[in-house]
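Here is what each chain is made of, one letter per residue.
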Amino acid sequence: MQYRNHEKITLTIPAGLSFIIALILLYKYTFPISWDVYYHIHMADLYMRNGLVFWDFETVAPYGRVIMYPPLFHLVLAGLSKVTGIGLVSLVRLLQPVFSFFLIFSITWSSYKLFDFKTGMCTGVLGMLSFITFNRSVICTPATIAIGLSLLCCVYFYNGFKDNNIRSIIFSAILLGIIFNLHMATSIITVFVLGLYGLVQLLRRNLNINYLVIFILFVASVGLPWWIYVYLKYTLVFNSKAGNLLSLPNFFFKYYGIIPSVLTIMGYVYLIKNRSDKSLFLILWTVSLMLISQTTYLGVQTVSIRILEVASYPMILVAGLGFTYLCDNIKSTTNKRVLFILLILVSCLSSMVYVDSYTPEVMCDDDYDGLLIPETIHTIIDPVGTILKPSVISLRFGNSQLAHDRYDVMEWFMAHSNKSLVVSEDSIMDSIIVSTSRSPVVYGGFTESIPLYVVDPVHIVQNHSTSSELSDLNVGYILLRQNTPIPIYAQLEYNNTNYKICSIKSTYKN
């Protein structure tokens, strides 16, 4: 028992290293990375002021929209802010290393439960090496938690039905229910994976039907009440927009990484040789998601990078197995240790340059401009990332001047907000403005739930609006990019290198 406890403590080492490395973000920046976090900051602020509501009048203004994002993360974030007295923006920033610890530990623990201690340790370290798996870990959003829980949910589902362990099955069901209350896309992907594996096992008559019914009942009771209420009272609005197709070779080379790709292939070789239920489970899990990400070729609207991002986490489990398989074929114990030490070193250096390369959307004057680590070192450690600059949800090697100008615009609206509608030419500024000044905006983030009746900001920006429309919409300000002409119904209030803030002339207000 004491040995097992020592093992479990040791399994936190990769997550601990990730936590320490993520502290670089706190040293460099006053604001969190990723434009996505500002929508979640806004939602937490909305709940702090109004309690659990189902309609948001500050985004898609002036009409508002039904809240289609599950509330669990935002309610917890609001509660933490209330208890600690820390502002939401600062809290999200401080949570970045905590999220990094959580996701890397989820990878490590899932591998440990699926394979063994040695493979778990190797997989956790590989989770730091692959850009796509590490990238999400430092972004403080519901999707980060949902992806980690999805890994655990699938592993406990597999182990529970393999061992006929009802406790593992119920735990997996509760995790899936929580995912439903965190992130819709991840819950759908998780249901697909478990449904596919469950169907195959049912056809093979290798699944306990009674336990499956218990699993479904627990998922439904934990995960569906909020969704059922929203559907019955408001109906569901989900306008998924297809992203650019990302081919698998491009994904593996640019996002997943060469070393993890080679180890994943080795892991598949081992799984195919082994031909066990575990092999079937992992191959179905990973290959099915890779295939779905490519259905854009068939005309299906999908966001390839987001599906492949979720797929990368079970793939890193296969890569961890591949690394263990490689070590098992090395006879010298010394060489095995050297190889593992090299893996830790390369992974830590890689994750350090990943963190150093991030640029937040907003930077104040005291923030660190540029790189802490010289660019030549970046190029040596991460040549693909430094040259091609892959990014998902967060900027890398971004324009710091733009971030400083966004800070100035944000500060201006915090000082001058009069609750009239802000029409912004920059959709990212929409979320930043509404989350910090509470000024109503046209979009406001989470584009999947923007209804068809949304105001078209383009014609207002391009001088095609009318006095009656401006009055009906209660437009107070227009935020323009620096090179955009000012409409005849607006006047300049503030400008910097990248933006112009204009107010509506009094003669155009009824």
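Preceding block: the structure.
Quick caveat: nothing in here was measured; it's all calculated off a predicted structure. (Residues numbered from 1 in each chain as written. Predicted model: local features only at pLDDT ≥ 70, side-chain atom pairs only at ≥ 80, totals over all residues. Heavy atoms only, no water.)

Digging into the overall build of the chain
From N to C terminus, the chain includes 23 helices and eight strands. Computed over the C-alpha atoms, the radius of gyration of the chain is 24 Å, within 12% of the 24 Å expected from 2.2 N^0.38 for a compact globule of 510 residues. Put simply, the chain has 510 residues, and 54% of those count as buried. Entry remark: accessible area of the chain is about 21,500 Å², with carbon and sulfur atoms responsible for 63%. Between the mean site of the 33 positive side-chain charges and the mean site of the 29 negative ones, the chain shows a separation of 13 Å. (Helix = DSSP H or I, 4+ residues; strand = E, 2+ residues; numbered from the N terminus. Rg over C-alpha atoms; globule rule 2.2 N^0.38 Å. Buried < 20%, exposed > 50% of the residue type's maximum accessible area, 1.4 Å probe, protein only. Areas by Shrake-Rupley, 256 points an atom, 1.4 Å probe, with all protein chains shown as cover. Lys, Arg positive; Asp, Glu negative; His and termini not counted. Charge placed at Lys NZ, Arg CZ, Asp CG, Glu CD.)

Digging into the nonpolar core
Membership of the largest hydrophobic core comes to 137 residues, with the highest contact counts inside it found for Phe251 and Trp285. Here this core gets 13 residues from one element, more than from any other, and that element is helix H16 (residues 304–328). Once you skip the residues sitting within four places of it in the chain, Phe251 turns out to touch Ile132, Leu246, Tyr256, Ile305, Leu308, Ser312 and Met315. Counting residues in hydrophobic clusters, the runner-up holds 16 residues, among them Ala61, Val455, Val461 and Ile504. (Core = buried A, V, L, I, M, F, W, Y, C linked by side-chain atoms within 4.5 Å. Contact = heavy atoms within 4.5 Å.)

Quick notes on the pairing of strand E7 (residues 490–495)
Remember that side chains alternate between the two faces of the sheet whenever the strand is regular. Of the strand pairs in this sheet, E7 and strand E8 (residues 499–504) are connected by five bridges, and their pairing is antiparallel. Each bridged residue has a counterpart across the sheet, and for Leu492 the counterpart in E8 is Cys502. (Pairing = 2+ DSSP bridges.)

Observations concerning the sheet that holds strand E6 (residues 475–481)
Strand order in the open sheet made by the four strands is E5-E6-E8-E7, with mixed pairing throughout. The outermost strands of the open sheet, each flanked by one partner alone, are strand E5 (421–424) and E7. Sheet twist, expressed as the mean angle between neighbouring strand axes with direction ignored, is 25°. Relative to E6, E5 is paired through four bridges, and the arrangement is parallel. Bridge pairing in E6 links Ser424 to Leu479. Packed on one face of the sheet, helix H20 (residues 400–416) meets E5, E6, E7 and E8 and runs near 20° to E8. (Axes fitted to C-alpha atoms, helices over the stretch in contact; angles between N-to-C directions.)

Side note on the packing of helix H10 (residues 184–203) against helix H15 (residues 277–293)
For the pair H10 and H15, interaxial distance at closest approach is 10 Å and the crossing angle is 135°. Judged by the angle between their axes, H10 and H15 are oblique. Both H10 and H15 take part in a crossing whose hand is right-handed. Where H10 abuts H15, its residues Ile189, Phe192, Val193, Leu196, Tyr197, Val200 and Gln201 lie against Asp277, Leu280, Phe281, Leu284, Trp285, Ser288, Leu289 and Ile292. Looking at the contact of H10 with H15, its residues break down into 12 nonpolar, two polar and one charged. (Parallel < 35°, antiparallel > 145°, perpendicular 65-115°, else oblique. Left-handed = near helix turned anticlockwise from the far one by under 90°. Nonpolar A, V, L, I, M, F, W, Y, C, P; charged D, E, K, R; others polar.)

Considering helix H9 (residues 166–180)
Helix length check: H9, at 15 residues, gives a terminal C-alpha distance of 21 Å against a target of 21 Å (1.5 Å per residue), a fit within 8%. Those residues of H9 lying buried are Ser168, Ile169, Ser172, Ala173, Leu175, Leu176, Gly177, Ile179 and Phe180. Its buried side turned inward, H9 meets helix H8 (142–163), H10, helix H11 (209–223) and helix H12 (225–233). For H9, the capping residue at the N-terminal end is Asn165, with a side-chain oxygen 3.0 Å from the backbone nitrogen of Arg167. (Expected span 1.5 Å × (residues − 1). Polar contact = N/O pair within 3.5 Å; in protein donor to acceptor, adjacent residues only side chain to side chain.)

So, the packing of helix H3 (residues 37–50) against helix H5 (residues 88–114)
Two elements in contact, H3 and H5, have axes whose closest approach is 10 Å; the angle formed by their N-to-C orientations is 130°. It follows from the interaxial angle that H3 and H5 lie oblique. Where H3 crosses over H5, the two elements pack in a sense that is right-handed. Across from Val37, Ile41, Ala44, Asp45 and Met48 in H3, the residues of H5 making contact are Leu88, Val89 and Val92. For the contact of H3 with H5, the per-class residue count stands at seven nonpolar, no polar and one charged.

Regarding the side chain of Thr10
Note that Thr10 resides in helix H1 (residues 2–10). Residue classification places Thr10 among the buried positions, given a relative accessible area of 17%. Setting aside anything within four residues of it in sequence, one finds Thr10 in contact with Phe117 and Met121.

Looking at the environment of Gly320
Relative to the helices and strands, Gly320 resides in helix H16. Sequence separation between Gly320 and Gly127 is 193 residues; the distance between their C-alpha atoms is 8.9 Å. Residues within four places of Gly320 in sequence aside, it is in contact with Thr119, Cys122, Thr123 and Leu126.

Notes on the packing of aromatic side chains
Throughout the structure, instances matching the rule amount to 30 aromatic pairs. Measuring from centroid to centroid gives 5.4 Å for Phe131 and Tyr354, while their planes differ by 75°, and the two rings are edge-to-face. In this pair, Phe131 is assigned in helix H7 (residues 131–137) and Tyr354 in helix H17 (residues 333–357), connecting sequence segments 223 residues apart. The class of Tyr354 is buried, set by a relative accessible area of 5%. Each ring, one from Phe281 and one from Trp285, has its centre 5.2 Å from the other, and the planes form 45°; the classification is tilted. Residue Phe281 and its partner Trp285 are located together in helix H15, separated by four residues, close to a single helical turn. Assessed through its relative accessible area of 3%, Trp285 is described here as buried. Pairwise contacts between aromatic rings join Phe54, Trp55, Phe57, Tyr229 and Tyr234 into one cluster. Stacked on the ring of Phe397, the Lys or Arg Lys389 has its end atom at 5.2 Å from the ring centre. (Phe/Tyr/Trp six-rings, centres within 6.5 Å; stacked < 30°, edge-to-face > 60°. Lys NZ or Arg CZ within 6 Å of the ring centre and 35° of its normal.)

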